[in-house]
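Report on the structure
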Amino acid sequence: MKTIALISTAGGAGRTTLAASLATLLARRGRDVVALDFDPQNMLGAYLGLDTLAAEGIGETLVDPSRAWHESTWRNDDGVLFVPHGNLTLAQIAESDARLAAHPRWLEHAIRDIGLPETGVVLIDTPRYPSAHADHAARAADLVLAVCPPEPAACATLVARLPALRESCADVRLVVNRLNPARAMQRDALAMLRAATAMPVAQRIHLEASMPEAFSHGAWLFDEAPHSQASHDLHGLAQHVDAWLPALTTSEAA
Ligand SMILES: Nc1ncnc2c1ncn2[C@@H]1O[C@H](COP(=O)(O)OP(=O)(O)OP(=O)(O)O)[C@@H](O)[C@H]1O
Ligand SMILES: [Mg+2]
């Protein structure tokens, strides 16, 4: 079982969108997938098909260890097992930050309980980095997908935080999301990112106006517009991750 955290230093970079899309595409390839919402925003469930935000989840376990998050899991139509964060109050979020600070391996231990087969994968959605939740996710992960829009502020903050991120997880790969190659500013921002990090881009995902719309009516862009560039890119990301994961046996492969 491998763990992958989606992390970014910018808000609205597309972490939740990519976590949900990747979970679904990997499940369709025959992988056992757990999508874990480790962001108090508690939005991942909406992307995976829940009508209402889940009231309970792993966040409750963080503030009250007698609560088992296993009881709040839910499986979507594609077979992704979803672990919600749960709807915490501001006071509870402060409490969970304190608990994470006091127990640096809390998430790592919680993930160990999941017990997927060797070829399975846990995908973690996170709040903006740096934060206690995102830091735990990075340290629990075998692979960090650093999601970055090609914009100056997002690229500059990623460059600044990359050394810390690499200390937390040895394998950090760059995913550029919301790419619009027609915009000169984006080309400049990407050139700066390349020069400052010497990091190749693992996958580029183009800006697609109908992406938010597809989610708003509970559909996947790659089903509604399978020939769009962004759908092709999302499959490319799933292919990249699938190739990184231990190979499926012939009977497991979809
Ligand atoms: N490639 C894309 N093209 C167009 N819109 C996109 C793309 N990727 C994500 N979006 C849209 O951008 C918005 C923000 O995406 P998302 O919520 O996944 O980002 P996030 O990084 O999880 O944000 P937050 O910081 O709030 O957690 C959503 O409306 C989503 O549909
Ligand atoms: Mg999000």
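This text follows the structure it describes.
One structure accompanies this document, and this report is about it. (Residues numbered from 1 in each chain as written. Chains lettered and ligands numbered in written order. Predicted model: local features only at pLDDT ≥ 70, side-chain atom pairs only at ≥ 80, totals over all residues. Heavy atoms only, no water.)

**What to know about the nonpolar core**
Counting 41 residues, the largest nonpolar core has Leu 36, Phe 38, Ile 58, Leu 107, Ile 124, Val 144 and Leu 165 as its most contacted members. Sort the elements by how many residues they give to this core and helix α7 (residues 152-168) lands first, with five residues. Among all residues touching Phe 38, those that are not within four sequence positions of it are Ile 58, Leu 62, His 85, Leu 100, Trp 106, Leu 107, Ile 124, Asp 125, Thr 126, Pro 127, His 133 and His 136. In terms of nonpolar packing, the next biggest core, distinct from the first, is built from 36 residues, Ala 19, Val 33, Leu 143 and Leu 234 among them. (Core = buried A, V, L, I, M, F, W, Y, C linked by side-chain atoms within 4.5 Å. Buried < 20%, exposed > 50% of the residue type's maximum accessible area, 1.4 Å probe, protein only. Helix = DSSP H or I, 4+ residues; strand = E, 2+ residues; numbered from the N terminus. Contact = heavy atoms within 4.5 Å.)

**Comments concerning the packing of aromatic side chains**
For the structure on display, the rule yields five aromatic pairs. Between Phe 38 and Trp 106 the ring centres are 6.4 Å apart and the planes differ by 15°, which places this aromatic pair in the stacked class. Separated by 68 residues along the polypeptide, Phe 38 in the loop between β2 (33-37) and α2 (44-47) and Trp 106 in helix α5 (residues 106-112) bring together distant segments of the chain. As far as the burial class goes, Phe 38 and Trp 106 line up, both buried. Centre to centre, the rings of Tyr 47 and Phe 215 are 4.9 Å apart; their planes meet at 55°, and the pair counts as tilted. Here Tyr 47 is found in helix α2, whereas its partner Phe 215 is found in helix α9 (residues 210-216), with 168 residues between them in sequence. For Tyr 47, a relative accessible area of 25% puts it in the partly exposed group. (Phe/Tyr/Trp six-rings, centres within 6.5 Å; stacked < 30°, edge-to-face > 60°.)

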